[in-house]
Amino acid sequence: MGKITAAALGLLMLVAVLGSAGTGGMLSAFGGSGSTQPSRTALTDIPSDYLALYMDAATTCPGLDWSVLAAIGKTESDHGRSTLPGVHSGTNHAGARGPMQFLLPTFQSVVAKHPPPKGGATPPSPYNKQDAIYAAAAYLCDSGARDGEDLPGAVKRYNPADSYVSQVLTQAQTYASGTGFGADTAPTAAALQAINYAQGQLGLPYEWGGNGPGTGDTGFDCSGLTKAAYAAAGIALPRTAQEQYDAGPHIPAGQQLKPGDLVFYGNSADGIHHVGLYTGGGQMIDAPRPGKAIRIEPYRYRGDDYAGATRPVNR
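Residues numbered from 1 in each chain as written. Predicted model: local features only at pLDDT ≥ 70, side-chain atom pairs only at ≥ 80, totals over all residues. Heavy atoms only, no water.

**Focus on the overall build of the protein**
In terms of helices and strands, the protein carries 13 helices and nine strands. Sorting the 315 residues of the protein into buried and exposed places 49% on the buried side. In the protein, of all internal contacts separated by at least 6 residues, the share reaching a separation of at least 24 is 60%. (Helix = DSSP H or I, 4+ residues; strand = E, 2+ residues; numbered from the N terminus. Buried < 20%, exposed > 50% of the residue type's maximum accessible area, 1.4 Å probe, protein only. Contact = heavy atoms within 4.5 Å.)

Put into structure tokens, the structure is as follows:
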């Protein structure tokens with residue numbers, strides 16, 4: 001089935017399940033302040049019943065976009081389609097269970113404080129998709145997602161691995177459309193390859209002029225990391241941050257960034273001195289400075305000299 005046909009079918013199925021998922025919540029998710037609409041990628045990848053639940057559950061937490069819930073569901077169980085231990089019965093190696101992979105004590109604590117709506121299991125079960133998704137929304141909300149207080153921190157509390165945070169926020173951006181229902185704003189395969197490479201370097205030390213262990217260096221500097229990340233995706237970049245900035249193409253100021261964009265710091269007088277790899281959700285992977293390891297951190301911060309962004313996959 002072609003992507004357009006599958007998207008249309010997904011949309012028809014989504015309309016059919018509005019009643020069981022809570023019509024009011026769904027409509028507010030489509031039009032509510034701060035909420036996004038499903039991209040074509042979301043419509044073709046997410047089962048319609050799961051999509052309805054993600055969108056409805058997100059309305060219980062002001063500031064939490066449904067796409068983050070969907071990204072966690074994708075990462076943890078492929079929206080319930082995974083056949084790995086712990087998704088439909090039993091537990092995984094860490095004791096987690098269900099489509100959103102909860103530890104049982106955590107799940108029980110969350111649903112005791114935030115009972116899921118009627119329609120799930122009695123008593124609530126982490127294996128029940130409705131109970132699990134609503135519990136995930138409540139857990140994220142209590143962990144910092146409410147009103148956008150600290151979304152990366154909330155995701156990290158869900159799973160403490162830095163790479164998990166990057167993976168979820170990147171996946172969320174592929175699901176969220178910034179231009180309308182069913183519009184495809186997902187990053188390219190090359191951008192995702194670059195991000196995956198950079199995630200694999202997390203924790204390596206900053207090394208001035210470093211090009212990574214593959215060249216005999218212990219770590220990377222900022223532009224060495226971005227160059228190596230895009231080389232892994234088959235795209236050649238110049239070596240320095242200034243040269244990468246000059247190579248473009250530049251993203252117009254105010255335009256939404258996509259995962260894989262390069263974000264730069266500096267000014268016209270002194271030149272560009274730093275570059276990071278944007279991963280979505282306001283975060284980037286970068287090699288910050290001597291004495292610090294490659295890490296994930298916000299791409300905008302108080303007192304920064306952000307100069308703009310480029311999208312090398314368009315070159």
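**Some words on unusual backbone geometry**
With omega at -5°, the peptide bond leading from Thr122 into Pro123 counts as cis. With respect to the element layout, Pro123 can be found in the loop between helix H7 (104–113) and helix H8 (129–145). Following Gly248, the chain continues into Pro249 via a peptide bond in cis, with omega recorded as -5°. Positive phi is not limited to glycine here, since Asp78 has a value of about 55°. Relative to the helices and strands, Asp78 resides in the loop between helix H6 (66–77) and strand S2 (96–97). Its identity as a non-glycine residue notwithstanding, Asp147 has a phi of 55°, on the positive side. On the secondary structure map, Asp147 appears in the loop between H8 and helix H9 (151–158).

**Structural notes on the pattern of salt bridges**
According to the stated counting rule, one finds eleven salt bridges in the structure shown. Put simply, Arg81 and Asp45 hold a salt bridge, and the shortest N to O gap is 3.3 Å. With Arg81 in the loop between H6 and S2 and Asp45 in helix H4 (residues 40–45), this residue pair connects regions lying 36 residues apart in the sequence. Taking the relative accessible area as the measure of exposure, Arg81 reaches 38% and is therefore partly exposed. The shortest N-O distance in the salt bridge between Asp78 and Arg81 comes to 2.9 Å. (Salt bridge = Lys/Arg side-chain N within 4 Å of Asp/Glu carboxyl O.)

**Quick notes on the sheet that holds strand S6 (residues 271–280)**
Overall, antiparallel pairing links the five strands, which are arranged S8-S7-S6-S5-S9 in an open sheet. Strands with a single pairing partner mark the edges of an open sheet, and in this sheet they are strand S8 (295–298) and strand S9 (306–310). Sheet twist, expressed as the mean angle between neighbouring strand axes with direction ignored, is 40°. Here four bridges tie strand S5 (residues 262–267) to S9, and the two strands are oriented antiparallel to one another. The residue bridging Tyr265 from the neighbouring strand is Tyr306, located in S9. Contacting S6, strand S7 (283–286) and S8, helix H10 (residues 162–175) runs over the sheet at an angle of about 75° to S6. (Pairing = 2+ DSSP bridges. Axes fitted to C-alpha atoms, helices over the stretch in contact; angles between N-to-C directions.)

**What to know about the confidence of the model for the protein**
Confidence in the prediction for the protein averages 87 pLDDT; 87% of positions are at 70 or higher. Counting contacts from residues 1–34, a segment whose pLDDT is below 50, to residues more than four positions away or on other chains yields 44 contacts. (pLDDT = per-residue confidence, 0-100.)

**Here we look at the state of the cysteines**
In this structure the tally under the stated criterion is one disulfide. With its sulfur 2.2 Å from that of its partner, Cys61 forms a disulfide with Cys141. The sign of the 90° torsion about the S-S bond sets the Cys61-Cys141 disulfide as right-handed. Placement of Cys61 in the loop between helix H5 (48–58) and H6 and of Cys141 in helix H8 is noted, with a sequence separation of 80 residues between them. (Disulfide = S-S within 2.5 Å.)

**Remarks on the nonpolar core**
Ranked by size, the top nonpolar core spans 43 residues in total, and within it Ile46, Tyr54, Trp66, Leu69, Met100, Leu140 and Tyr158 carry the most contacts. Among the secondary structure elements, those contributing two or more residues to this core are H4, H5, H6, H7, H8, H9 and H10. Looking at this core element by element, the count peaks at eleven residues for H8. Setting aside chain neighbours within four positions, we find Leu140 in contact with Leu64, Val68, Leu69, Ile72, Ala145, Ala154, Val155 and Tyr158. In this structure, Ile195, Tyr206, Leu277 and Ala287 belong to the second largest nonpolar core, which totals 26 residues. (Core = buried A, V, L, I, M, F, W, Y, C linked by side-chain atoms within 4.5 Å.)

**Examining the side chain of Asp261**
Mapped onto the elements, Asp261 comes out in the loop between helix H13 (241–247) and S5. Its relative accessible area of 1% is what places Asp261 among the buried residues. Within the structure, the side chain of Asp261 is placed 2.7 Å from the backbone nitrogen of Lys258, a separation counted as a polar contact. Not counting residues within four places of it along the chain, the set of residues in contact with Asp261 comprises Tyr230, Ile251, Gly276, Leu277, Tyr278, Thr310 and Arg311. (Polar contact = N/O pair within 3.5 Å; in protein donor to acceptor, adjacent residues only side chain to side chain.)

**Some thoughts on the packing of aromatic side chains**
Applying the stated criterion to the full structure yields ten aromatic pairs. Summarising the aromatic geometry, the rings of Tyr278 and Tyr299 are spaced 5.2 Å apart at their centres and angled 80° between planes, so their arrangement reads as edge-to-face. Note that Tyr278 is positioned in strand S6 and Tyr299 in the loop between S8 and S9, a separation of 21 residues in sequence. As far as burial versus exposure is concerned, Tyr278 and Tyr299 are alike and both buried. Ring geometry for Tyr299 and Tyr306: centres 5.5 Å apart, planes at 75°, overall edge-to-face. Judged by its relative accessible area of 17%, Tyr299 falls in the buried class. Three or more aromatic residues joined by ring pairs make a cluster, and in this case those are Tyr265, Tyr278, Tyr299, Tyr301 and Tyr306. (Phe/Tyr/Trp six-rings, centres within 6.5 Å; stacked < 30°, edge-to-face > 60°.)

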